[in-house]
Number of protein chains: 2
Amino acid sequence: MKLILIGFGAVGQGFAEILLEHGDALQARHDFSAHIVGVVTASKGNLYHPAGLDIAQLLRTAETGSFSDYPESEPLRRDWDANDMILRGSADVLLEASPTNLETAQPALATCHLALDQGLHIVLANKGPVALDYGCLREKADAKGLHMRYEATVMAGTPTMHLAEDALAGCAIRSARGILNGTTNYILTQMETGMTYADALAQAQDLGYAETDPTADVEGWDAAGKVLILANALFGNSLTMNDLDVQGITDISSEDIDRARQSGHRYKLIAEARPDGGAVSPQQLPMSDPLASVGGSTNAITLDTDLLGKITLIGAGAGKLETGYALLSDLMAIQRAT
Amino acid sequence: MKLILIGFGAVGQGFAEILLEHGDALQARHDFSAHIVGVVTASKGNLYHPAGLDIAQLLRTAETGSFSDYPESEPLRRDWDANDMILRGSADVLLEASPTNLETAQPALATCHLALDQGLHIVLANKGPVALDYGCLREKADAKGLHMRYEATVMAGTPTMHLAEDALAGCAIRSARGILNGTTNYILTQMETGMTYADALAQAQDLGYAETDPTADVEGWDAAGKVLILANALFGNSLTMNDLDVQGITDISSEDIDRARQSGHRYKLIAEARPDGGAVSPQQLPMSDPLASVGGSTNAITLDTDLLGKITLIGAGAGKLETGYALLSDLMAIQRAT
């Protein structure tokens, strides 16, 4: 499998580290073998080699902030951009792992369309194209017999989409409801111990869970992007952000959390996708709800199905290796199906 | 896909009901189509028709306790046993859904071997053959390029094995640890409300969760069978019951449960499979453990992995449709892979 990787931040590097460390085992146990033939980045430069790039060198030079030290070896190209690689290269799969843009999904969206047009499967860690243009991408992929997978976009490598789309394929899913943002769950969990919202946010920022500008997390937009993905992928909707009710955690006070606890409840920021829409809102859950005991930055989702009732999956929702693994699991699923 | 179904109790009937009610949707959405060509039972009789049996008639006559009312239609056979159907029929898959025997696994084990010898894939709801002879069955299936699946044997249709063997295929699983027996979890949950062990057991029997002879559940043997399946399937072990430490819940008193609660813990019967062995034992879990809040007859499992950390799956562990669905999900996985 020859791969073009767009983006070489934490996710791309996590994926490359897994290939480097576990490549032999994957080959031996699953007959799985993948070569990164192209890497495209915003700040480190680009590299393309039809025989595959040297992953150890890729990781080493990325640490310097630039691929300029990556060793020469004919016919290495440093001047090709993503379009050149798709149009003139020989890859089988495009991996989109550049930063998410939930306003336009660009430039990733155009790259994904071009890749499908040229017969490449696409695997996304970038939420933008899946959240904003799922229907068109799915239609194009299906029409051309290509795979489009996006495990990384919901709960990192915790296999939400494998569960919903493969293992539960024979069920009808009636709703998906989860804790899909680790930053806000960490803040709410810390507030349970008596910390104020401001202190809990500052701690989340110190630990690297929250961005300097935490708006996308605490206002619920990151979770809303995941609701769009679930609503459009599971229920064939064509929802946009405007169709969702989105409320974050900024109005939740320590007193609210105390009062909830006194009545045996816990506040969680719940993201919910249904056949008729979706929402993000803080909710008081009874302790009997499996989502109530999901603490810290952990994520979880409950799928309500016709034949199996409720199925809950709990696991990491972020992390370099965890998200890198999501790309690997999608590639392995494509290999099993082709 | 042509199927021979061994056993037509709750699981077999649940599977048949799903095919009857959802067959058209499965065909339309997943291009999945299956025909039950043979049914073998201990008390209702046997039926074989190469063009497929009429599922509505199968379910209707099963209610009378005998297939003798099943309508004639050439070339229907009522005199073929499982071996005849495998050797002289034209099926693709053997579904083993007869009652579990954890002492010898027979007669199901011999039937499974014969099916593999004759080139049929095998799908099991019967725990016996998987718990007692996993290694030989797996070797035979692999050598002949056949599938052997057994989702139903661990947590009914809650997709434990799909998760462990497909979605997490690229990870190394370090241990599996779960609540794999609904009867004992129901009893322990009722005891938390102040009920005695004897009363809780009686209630579980009234509700049909526990057998008249509850030994296999309350002494931990049912959970131990699942530990063998997990240990042998996930870690390539060849363990037998003698290799496991098995302790049930019969020694847990209301006082034990009270004391645990006062220190913020809950008793759960934990089944654990590791690369070096396995065990079943009642354990006091802190409330931060996702397994602690799994109440009633619900099951759950935590898989500890190298790349994703801990992944927990919670769902039904029994039920007619839930277990019937497990057979369907295995057949769909075989269809995807062939």
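For clarity, every value in this text was computed on a predicted model and none was experimentally measured.

## Remarks on the overall build of chain A
Of the regular secondary structure elements, chain A holds 13 helices and 12 strands. A globule of 338 residues ought to have a C-alpha radius of gyration of about 20 Å, and chain A, at 20 Å, matches this closely. Structurally, chain A occupies a C-alpha span of about 70 × 45 × 40 Å along its principal axes. Looking at the 338 residues of chain A, the share that counts as buried comes to 58%. Considering only intrachain contacts with a sequence separation of at least 6, the fraction spanning at least 24 residues in chain A is 67%. Element-wise, carbon and sulfur atoms account for 47% of the exposed surface of chain A, whose accessible area totals about 12,900 Å². For chain A, the centre of its 23 positive side-chain charges and the centre of its 43 negative side-chain charges are spaced 4 Å apart.

## Thoughts on the interface of chain B and chain A
Taken residue by residue, the interface counts 36 residues in chain B and 36 residues in chain A. A buried area of about 2,900 Å², summed over both sides, lies between chain B and chain A, and 63% of it is on carbon and sulfur atoms. Three residues, Leu307(B), Leu308(B) and Tyr325(B), lead the burial of chain B against chain A; their summed loss comes to 22% of the area buried on that side. In this structure, the connection of chain B to chain A is made through 0 salt bridges.

## A short note on the pattern of salt bridges
For the structure shown, the criterion picks out 32 salt bridges over all chains. Between Glu17(B) and Lys320(B) there is a salt bridge, and its shortest N-O distance comes to 3.0 Å. Residue Glu17(B) is found in helix H1 (residues 10-30), and its partner Lys320(B) is found in helix H13 (residues 320-337); the two are separated by 303 residues along the sequence. Residue class for Lys320(B) comes out partly exposed when judged on its relative accessible area of 33%. Arg149(B) is the partner of Asp166(B) in a salt bridge, and the nearest nitrogen-oxygen pair spans 3.1 Å. Here Asp166(B), found in helix H7 (residues 160-167), pairs with Arg149(B), found in strand E6 (residues 148-149); they are 17 residues apart in sequence, far enough to count as distant. Each of the two residues, Asp166(B) as well as Arg149(B), counts as buried. A single salt-bridge network, built from bridges that share partners, covers Lys127(A), Asp222(A) and Lys226(A).

## Here's the deal with the side chain of Asp222(B)
All names here are of chain B. Looking at the secondary structure, you find Asp222 in helix H11 (residues 221-235). Reaching out from Asp222, the side chain makes a polar contact with the side chain of Lys226 at a distance of 3.2 Å. Sequence-distant contacts of Asp222, defined by excluding residues within four places in its chain, comprise Lys127, Leu180, Asn181, Ala216 and Asp217.

## Topic: the packing of H1(B) against helix H2 (residues 55-63) of chain B
All names here are of chain B. At their nearest, the axes of H1 and H2 sit 9 Å apart, and the two run at 145 degrees to each other. Regarding H1 and H2, the two cross each other, and that crossing is left-handed. When H1 is examined against H2, the residues Gln13, Ala16, Glu17, Leu19 and Leu20 are found in contact with a partner set consisting of Ile55, Ala56, Leu59 and Ala62. Classifying every residue of the contact of H1 with H2 by side-chain character gives 7 nonpolar, 1 polar and 1 charged.

## Examining the packing of H7(B) against H11(B)
Residues and elements named next belong to chain B. Running from N to C, H7 and H11 point in directions that differ by 15 degrees, and their axes come no closer than 11 Å. For the element pair H7 / H11, the angle class is roughly parallel. The crossing of H7 and H11 is right-handed. Contact residues: H7 offers Met161, Ala164 and Glu165, while H11 offers Leu230, Ala233 and Leu234. Its residues assigned to classes, the contact of H7 with H11 shows 5 nonpolar, no polar and 1 charged.

Rules of the game
- Residues numbered from 1 in each chain as written.
- Chains lettered and ligands numbered in written order.
- Predicted model: local features only at pLDDT ≥ 70, side-chain atom pairs only at ≥ 80, totals over all residues.
- Heavy atoms only, no water.
- Helix = DSSP H or I, 4+ residues; strand = E, 2+ residues; numbered from the N terminus.
- Rg over C-alpha atoms; globule rule 2.2 N^0.38 Å.
- Buried < 20%, exposed > 50% of the residue type's maximum accessible area, 1.4 Å probe, protein only.
- Contact = heavy atoms within 4.5 Å.
- Areas by Shrake-Rupley, 256 points an atom, 1.4 Å probe, with all protein chains shown as cover.
- Lys, Arg positive; Asp, Glu negative; His and termini not counted.
- Charge placed at Lys NZ, Arg CZ, Asp CG, Glu CD.
- Buried area = accessible area lost by both parts, 1.4 Å probe.
- Salt bridge = Lys/Arg side-chain N within 4 Å of Asp/Glu carboxyl O.
- Polar contact = N/O pair within 3.5 Å; in protein donor to acceptor, adjacent residues only side chain to side chain.
- Axes fitted to C-alpha atoms, helices over the stretch in contact; angles between N-to-C directions.
- Left-handed = near helix turned anticlockwise from the far one by under 90°.
- Nonpolar A, V, L, I, M, F, W, Y, C, P; charged D, E, K, R; others polar.
- Parallel < 35°, antiparallel > 145°, perpendicular 65-115°, else oblique.

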